[in-house]
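Analysis of the macromolecular model
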Amino acid sequence: MKRIDAMKAVYPELEQCVVVTIMGAVAAELQSIGHRPNFFYLQHAMGIASSLGLGIALARPEVQVVVFDGDGSILMNLGGLTTLARYRPRNLVHVVFDNESLLSVGGFPTATSTGSNIAAMAAGAGVPRTTTVSTLDEFRAEFSDALAANDLTTLVAKVEAVGPSGYVTDLSLLENRYQFQRYLRDLQRAH
Ligand SMILES: Cc1ncc(C[n+]2csc(CCOP(=O)(O)OP(=O)(O)O)c2C)c(N)n1
């Protein structure tokens, strides 16, 4: 499974969600499918996308939060899984695209290439719903189930280590930040 195909498969469902991604390949791929004001691409701060998603999910229980994480990123912040589990936001779906590599900086292998199991680590941390998928059909089904489950889910998607040719897009960090902030504020006013 290619990550971009997985994101395309669930893209329509993202319209009703608040989406936080890691930097690099994931961010560029999601933008190539189509940027929306409810998407925030967390630049530079590797490992922290799930923590940012946790903060939004706790502060704004009326919104469904989706985090698109990477194996290299979550491996830098494993303690984040224990914090996620401790607060157990029921409106957060944590997707980890596991390509077994640090693709965005040259493709160095991560620990998942030698057997580390992120879904098992999330379960061990106390995340109530965890699963690993490796086909597009499974991903589509598990993602929909996670949205419907109304409970914290870590969904690990094993994907090929391929990405876009470049990671720089014409959406600047600051523009994305202000647009996303306004989106969340306007949503609050609408409620
Ligand atoms: C704290 C920190 N260390 C290193 C980097 C450099 N860096 C940017 S993306 C990346 C790799 C991310 O790997 P992964 O989460 O597996 O996603 P992939 O690139 O494979 O899609 C690295 C090491 C960073 N941004 N922040």
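Throughout, residues of each chain are indexed from 1 in the direction in which the sequence is written. Only residues with pLDDT of at least 70 get local features here, since the model is predicted, and only at 80 or more are side-chain atom pairs given and counted; chain-wide, interface and lining totals rely on the full set of residues. Side-chain measures were taken over the full set of non-hydrogen atoms in the model, leaving aside hydrogen atoms and water.

1. A few points about the pattern of salt bridges
Throughout this description, the term salt bridge denotes a Lys or Arg side-chain nitrogen within 4 Å of a carboxyl oxygen of Asp or Glu. Here the structure, examined in full by the defined rule, presents ten salt bridges. The residue Arg36 makes a salt bridge to Glu15 at a minimum N-O spacing of 3.7 Å. Taken together, the positions of Arg36 in the loop between helix 2 (25–34) and strand 2 (39–41) and Glu15 in the loop between helix 1 (3–10) and strand 1 (17–21) put the pair 21 residues apart, joining distant regions of the chain. Working definition: with a 1.4 Å probe on protein chains only, accessible area under 20% of the residue-type maximum means buried, over 50% means exposed, and in between means partly exposed. Residue Glu15 is classed as partly exposed on the basis of its relative accessible area, which comes to 44%. The residue Arg60 makes a salt bridge to Glu62 at a minimum N-O spacing of 2.8 Å. Assessed through its relative accessible area of 7%, Arg60 is described here as buried. Take Glu62: its relative accessible area is 37%, and that puts it in the partly exposed class. By sharing partners, the salt bridges in this structure join Arg88, Arg90 and Asp151 into a single network. Only runs of H or I of at least four residues qualify as helices and only runs of E of at least two qualify as strands under DSSP, and these elements are numbered from the N terminus.

2. Considering the layout of surface pockets
Whether a set of points on the 1 Å grid over the protein atoms alone is a cavity depends on a 1.4 Å probe fitting there but being unable to get out, while an open set qualifies as a pocket with protein on both sides within 12 Å along at least five of seven lines; lining residues are those with an atom within 4 Å of a point. Grid points are joined across faces, edges and corners, and a volume is the space filled by probe spheres set on the points. Roughly 270 Å³ of volume is contained in the largest pocket. The wall of the largest pocket is formed by 18 residues, among which Ile22, Met46, Ser73, Leu102 and Ser104 lie closest to the centre. If you list the elements that add at least two residues to the lining of the largest pocket, you get helix 2, helix 4 (71–75) and strand 5 (101–102). Looking at the lining of the largest pocket, the element that brings in the most residues is helix 4, giving three residues.

3. Structural notes on the environment of Leu152
Checked against the element boundaries, Leu152 lands in the loop between helix 7 (136–149) and strand 8 (153–158). A sequence separation of 148 residues divides Leu152 from Ile4, and the C-alpha atoms of the two residues are 23 Å apart. Every residue pair with non-hydrogen atoms within 4.5 Å of one another is taken to be in contact. Setting aside residues up to four positions removed in sequence, Leu152 forms contacts with Leu84, Ala85, Arg88, Pro89, Arg90, Leu92, Val127, Pro128 and Arg129.

4. Notes on the pairing of strand 1
Counting buried positions along strand 1 gives five out of five residues, so the element sits mostly inside the fold. Going residue by residue along strand 1, you find Cys17, Val19 and Thr21 tucked away on one face and Val18 and Val20 tucked away on the opposite face as well. When DSSP finds two or more bridges between a pair of strands, those strands are recorded as paired. Alignment of strand 1 against strand 3 (residues 64–70), held across five bridges, turns out to be parallel. Bridging across to strand 3, Val19 finds its partner in Val66. Since strand 1 and strand 2 lie parallel, the crossover through helix 2 that links them has a hand, and here it is right-handed. With its strands directed away from the observer, a crossover is right-handed exactly when the path from the first strand over the helix to the second travels clockwise.

5. Overview of the packing of helix 5 (residues 79–87) against helix 6 (residues 118–125)
Packing of helix 5 against helix 6 brings their axes to within 8 Å, and their N-to-C directions diverge by 50 degrees. Considered as vectors, helix 5 and helix 6 are oriented oblique to each other. Crossing handedness for the pair helix 5 and helix 6: right-handed. Packed against helix 5, whose contacting residues are Leu81, Thr82 and Ala85, the element helix 6 presents Met121, Ala122 and Ala125 at the interface. In this classification, the charged set is Asp, Glu, Lys and Arg, the nonpolar set is Ala, Val, Leu, Ile, Met, Phe, Trp, Tyr, Cys and Pro, and all remaining amino acids, among them Gly, are polar. Class assignment of the residues belonging to the contact of helix 5 with helix 6 gives a composition of five nonpolar, one polar and no charged. For every element, the axis is a line fit to its C-alpha atoms; helices are fit only across the contacting stretch, and the angle between N-to-C directions ranges from 0 to 180 degrees. Roughly parallel means an angle under 35 degrees; roughly antiparallel, over 145; roughly perpendicular, 65 to 115; everything else is oblique. In this scheme the crossing of two helices becomes right-handed for a clockwise turn of the near helix relative to the far one and left-handed for an anticlockwise turn of less than a right angle.

6. Things to note about the packing of aromatic side chains
Stacked, edge-to-face and tilted labels apply to pairs of Phe, Tyr and Trp rings (six-membered ring for Trp) whose centres lie within 6.5 Å, assigned for plane angles under 30 degrees, over 60, and everything in between, in that order. Here the structure, examined in full by the defined rule, presents five aromatic pairs. With a centroid separation of 5.9 Å and 40 degrees between ring planes, the pair formed by Phe97 and Phe139 is classed as tilted. Taken together, the residues span a long stretch of sequence, with Phe97 in strand 4 (residues 92–98) and Phe139 in helix 7 at a distance of 42 residues. Of the two residues, Phe97 and Phe139, both sit in the buried class. In this structure an aromatic cluster arises from ring pairing among Phe68, Phe97, Phe139 and Phe143. A cation over a ring is seen here: Arg36 above Tyr11, with NZ or CZ 4.1 Å from the ring centre. Throughout this description, the term charge over a ring refers to an Arg CZ or Lys NZ atom that lies within 6 Å of the ring centre and within 35 degrees of the ring normal.

7. Let's talk about the packing of helix 1 against helix 2
Where helix 1 meets helix 2, the closest approach of the two axes is 10 Å, and the angle between their N-to-C directions is 45 degrees. With respect to helix 2, the element helix 1 is oriented oblique. With respect to the hand of their crossing, helix 1 and helix 2 are arranged in right-handed fashion. The segment helix 1 lies against helix 2, with Arg3, Ile4, Met7 and Lys8 engaging Ala25, Val26, Glu29, Leu30, Ser32 and Ile33.

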